[in-house]
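# Secondary and tertiary structure notes
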Amino acid sequence: MHARGNYEERPDSDVLIKVLAAFRETALELGVLMIKLGQFLSSRVDLLPEQAIVLLSSMQDEVPPAPFDHVVSVIESELGKPVEEVFSMLERKCTAAASLGQVHKAVLASTGETVAVKIQRPGIEQLARMDLSTLKFVIWIITRFVDVNGIIDLMGVYHEFQRTIYEEIDYVREAANARRFKEMFKDDPMIYIPRVYDQYASRHLLVLEWIDGIKINDYTALNAAGINRLEVAKRTVCAYFYQFFEAGFFHADPHPGNIFVKKGSAGDRPIITFVDFGMVGSLTKHMKKFMKDVFLAYITRDARSLVHALSQLGFIDEGANLDSIERAISLMIERYHGMTLAEVSELDLLEMVQDVEYILYEQHIQIPAQFAFTGRAVSILAGISTGLAPEFNFIEVAVPYARKFLGLGLDVKGMEQTLRQLFNQLLEAGRALLKLPHSLEQIITKLESGQIEVKFTSNEQSGRRRLRRRRSGRDNGESSSV
């Protein structure tokens, strides 16, 4: 309807919720990829309204574990030796079972070290291929009967989902991710990353250091251990902001089962441990450059530049209505611009997120996969930190990292980068001014030769009607023209 000019039309959310509720029940029965699809869609606030996101976010990744015989079979086939030669003890009962794999506690026969053994579910690659092929076929059917190209790139969403699944079931890749995180935090004694046992890492098997700790949302256990929950929130969120703004490489699945807390040597100073590195996100230099442009455009209240930067980052499709998006962003800038840190801190973070989600959903803006991961991680972190310590100020902690990212700190290097950016913007403005006389001359020439036609209409809607008549060859000459 929007593509046809009817901008007052709104989706029927009630029907959508009923469909997604049915999908949720079916996905939990089928397991494997359908659960992952629900979780993937729950991060796409550009595709679904708030009620749908809440419904899908409740999907859990817990499924019945695979038989112990399968665990033994994978270990022996991957390592080429009997399981007794590798592990002196291997618990039959798994400690965690997810849709793609499960974890067992074990002891290495060679060293006596306690480890976590991660095993893929039976036939997971074949099941993934089958489910992905089915999903692709369904999308093919939809696109043959319904014209959705102007609304959503369904095949693009499919390819993003496909990529994340194949990355998550490749344990060699996960091992590399874990090693990279360990290197990133090697100088931070308050963040711990488990060791990877490289000799026991393959595509279907992964052995890591066993982590004894308290789940980050086990508030009773944290209190009993005398751990400062506010400090846990600060350290966890700071670790993520370091990943986002400085490293450009982040743990994209920070749900409570993947973050553990241990008591540090200095009393209540906690040590935060991350596990499960199958789902990660990264921000390239190109992405960081235009992210800075987004921030700077917001600071200078330049909605047009902000829209341009979002386009460069892949948020805005070529066929989107840029004027409409620019107006919506201008309204949001006016609402939040100029607030002091104290005023921003008093805002309801959930309300701010909902404002952003409204623009994403209503204005036909799409979210590239990496930014969907970032948004999902931030929303989960906001919930975790609020649960740990209601007095925790998420925005106040983020500001120093954002300032450093933008080069707005007091260091010489940051000032130099900021000045260079401003100088580049002045150069761009100068180039535009130099081109302006020539552009005006071209416009005047076209006006004189009759190549440009200007229409005067009483209102925007009647203009749309006349435009449609003109396209259909039924313009009866009602429009005034110059």
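Note that the coordinates shown come from a computational prediction; the quantities given were computed from them, not determined experimentally. (Residues numbered from 1 in each chain as written. Predicted model: local features only at pLDDT ≥ 70, side-chain atom pairs only at ≥ 80, totals over all residues. Heavy atoms only, no water.)

### Observations regarding the side chain of H251
- Among the secondary structure elements, H251 is positioned in strand β8 (residues 249-251).
- For H251, the side chain forms a polar contact with the main-chain oxygen of V275, separated by 3.0 Å.
- Discounting residues that sit within four places of it in the chain, H251 has contacts with F181, Y240, Q243, N258, F274, V275, D276, F277, M279 and A377. (Helix = DSSP H or I, 4+ residues; strand = E, 2+ residues; numbered from the N terminus. Polar contact = N/O pair within 3.5 Å; in protein donor to acceptor, adjacent residues only side chain to side chain. Contact = heavy atoms within 4.5 Å.)

### A word on the packing of helix α2 (residues 33-41) against helix α7 (residues 154-168)
- It is the contact of α2 with α7, at a shortest axis distance of 11 Å, that shows an interaxial angle of 120 degrees. The pairing of α2 with α7 is recorded here as oblique in orientation. For the pair α2 and α7, the sense of crossing is right-handed. Counting all contacts with α2, which are made through L33, K36, L37 and F40, the residues of α7 involved are V157, E160, F161, T164, I165 and E168.
- Per-class residue counts for the contact of α2 with α7 are six nonpolar, one polar and three charged. (Axes fitted to C-alpha atoms, helices over the stretch in contact; angles between N-to-C directions. Parallel < 35°, antiparallel > 145°, perpendicular 65-115°, else oblique. Left-handed = near helix turned anticlockwise from the far one by under 90°. Nonpolar A, V, L, I, M, F, W, Y, C, P; charged D, E, K, R; others polar.)

### Brief notes about the confidence of the model for the protein chain
- Across the protein chain, the average pLDDT comes to 78, with 72% of residues at 70 or higher.
- pLDDT under 50 marks residues 409-415. Its contacts with residues more than four places away, or in other chains, come to four contacts.
- Confidence drops under a pLDDT of 50 for residues 459-482, and excluding neighbours within four residues, the segment shows 29 contacts in the predicted structure. (pLDDT = per-residue confidence, 0-100.)

### Some thoughts on the pattern of salt bridges
- In this structure the tally under the stated criterion is 15 salt bridges.
- A salt bridge links E174 to K118; the nearest nitrogen and oxygen atoms lie 3.0 Å apart. One end of the pair, E174, is in helix α8 (residues 171-184); the other, K118, is in strand β4 (residues 114-120), and 56 residues separate them in sequence.
- Judged by relative accessible area, which is 2%, E174 ranks as buried. (Salt bridge = Lys/Arg side-chain N within 4 Å of Asp/Glu carboxyl O. Buried < 20%, exposed > 50% of the residue type's maximum accessible area, 1.4 Å probe, protein only.)

### As for the sheet that holds strand β7 (residues 214-215)
- The mixed open sheet is built from four strands, whose spatial order is β5-β10-β9-β7. The open sheet terminates on both sides in strands that have one partner only, identified here as β5 (191-192) and β7.
- When β5 meets strand β10 (residues 270-274), the two strands line up parallel, connected through two bridges. Bridging from a neighbouring strand, Y192 pairs with T273 of β10.
- In the packing of helix α10 (residues 229-247) onto the sheet, the strands contacted are β5, β9 (259-263) and β10, and the crossing angle to β10 comes to about 45 degrees. (Pairing = 2+ DSSP bridges.)

### Let's talk about the side chain of D253
- With respect to the element layout, D253 can be found in the loop between β8 and β9.
- D253 has contacts with N258, M279 and R376, leaving out every residue within four places of it along the chain.

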